[in-house]
Amino acid sequence: MSIQPIRVTVWGENAHEKTSETVRAVYPDGMHTVIAAGIREYLGDGAVVRTATLEQDEHGLTDEVLGSTDVLTWWGHMAHGKVEDAVVDKVYQRVLNGMGLIVLHSGHFSKIFRKLMGTSCALRWREDPNERELVWNVRPGHPITKGIGPVIVVPHQEMYGEYFDIPQPDEQIFISSFTGGEVFRSGCCFTRGQGRIFYFSPGHETFPVYYQTEIKQVIANAVGWAYRDPASSPVFEITKAPNAPTGWFEKSGND
Ligand code: ZN
């Protein structure tokens, strides 16, 4: 455990919550507030958690906020296209320099996730209130599955199915199955540059998935996993591609 609390920013598009009565009934103060509360509940003093939303200046992700964020979580769906490319580029650079990123549910189609993955990130989906998701733990012993049993039962959830067009994950943590028989790689770890990325699919806006105990625990675990302590492992800044004459590493100030 680090001594400094992990500085977490929970980003929420906060759009469905404004336009849909159904969504507001489940998440009256927005999904981001529930996700943030879950992280606080599980990490306690180990984290300081704030939220940011699309409608804020620079979507709430100013240089100051990004510079003081160790792990960013991302939930978006209907307004991916409204996220400014300049903000996406800054988030991207922060990830390469070591900021952790947790991408949730429909965030699979966000600009930032697609940019980091380099693929379409398309998947199959079906919205059906009678759909049940079984989230199978295929990496017991991994930090992200700490406290999680063999399977998480999500009673109502949108179906996400293969083929999911992502690069092969560095680590596969969860695989889900659905009432219709589909399967989905629902928990995937990636590394880009010095940043750790975790994609976790449970969490549709019309179902109370982010209130569920095991889901809160997984997201909190993922925050801990994605965190890299800037004090113990300083960012290795590669600002140019330097020439390397023999013995360059013995001289001071070489770059
Ligand atoms: Zn959804």
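Residues numbered from 1 in each chain as written. Predicted model: local features only at pLDDT ≥ 70, side-chain atom pairs only at ≥ 80, totals over all residues. Heavy atoms only, no water.

Caption draft 1: Layout of the pairing of strand β9 (residues 171-178). Pairing of strand β6 (residues 133-137) with β9 involves five bridges; the strand directions are antiparallel. Bridging across to β9, E133 finds its partner in F178. Relative to strand β10 (residues 183-192), β9 is paired through five bridges, and the arrangement is antiparallel. In the strand pairing of β10, Q172 is matched with C188. Between β9 and the antiparallel strand that follows it, β10, lie four residues; G181 among them carries a positive phi value of about 100°. (Pairing = 2+ DSSP bridges. Helix = DSSP H or I, 4+ residues; strand = E, 2+ residues; numbered from the N terminus.)

Caption draft 2: Local environment of the coordination of the zinc ion. Binding of the zinc ion to the protein goes through H105 (NE2), E158 (OE) and H204 (ND1), at separations of 2.0 to 2.1 Å. Mapped onto the polypeptide sequence, the residues donating to the zinc ion form the spacing pattern H-x52-E-x45-H. Here H105 is found in the loop between β4 (100-104) and α6 (111-117), whereas its partner E158 is found in the loop between β7 (151-154) and β8 (159-161), with 53 residues between them in sequence. Taken individually, H105 and E158 each receive the classification buried, so the pair is uniform in this respect. (Donors = N, O, S within 2.8 Å, 3.2 Å for Na, K, Ca; no water. Buried < 20%, exposed > 50% of the residue type's maximum accessible area, 1.4 Å probe, protein only.)

Caption draft 3: Spatial organisation of a nonpolar patch on the surface. Together, W136, V138, I175 and V183 give the surface a local cluster of nonpolar side chains, amounting to about 310 Å² of exposed area. Along the chain, W136 turns up in strand β6. For W136, a relative accessible area of 38% corresponds to the partly exposed category. (Patch = residues over 30% accessible without salt bridge, like charges linked within 9 Å, V, L, I, M, F, W, Y side chains within 5 Å. Areas by Shrake-Rupley, 256 points an atom, 1.4 Å probe, with all protein chains shown as cover. Salt bridge = Lys/Arg side-chain N within 4 Å of Asp/Glu carboxyl O.)

Caption draft 4: Focus on helix α5 (residues 85-96). The first and last C-alpha atoms of α5 sit 16 Å apart over twelve residues, in line with the 16 Å expected at 1.5 Å per residue. For α5, the complete set of buried residues consists of V87, V88, V91 and V95. One side of α5 carries all its buried residues, which in axial view fall inside an arc of 100°. Considering only its buried residues, α5 is in contact with α4 (63-67), β3 (71-75), β4, α6, β10 and β11 (195-200). (Expected span 1.5 Å × (residues − 1). Arc of directions from axis to C-beta. Contact = heavy atoms within 4.5 Å.)

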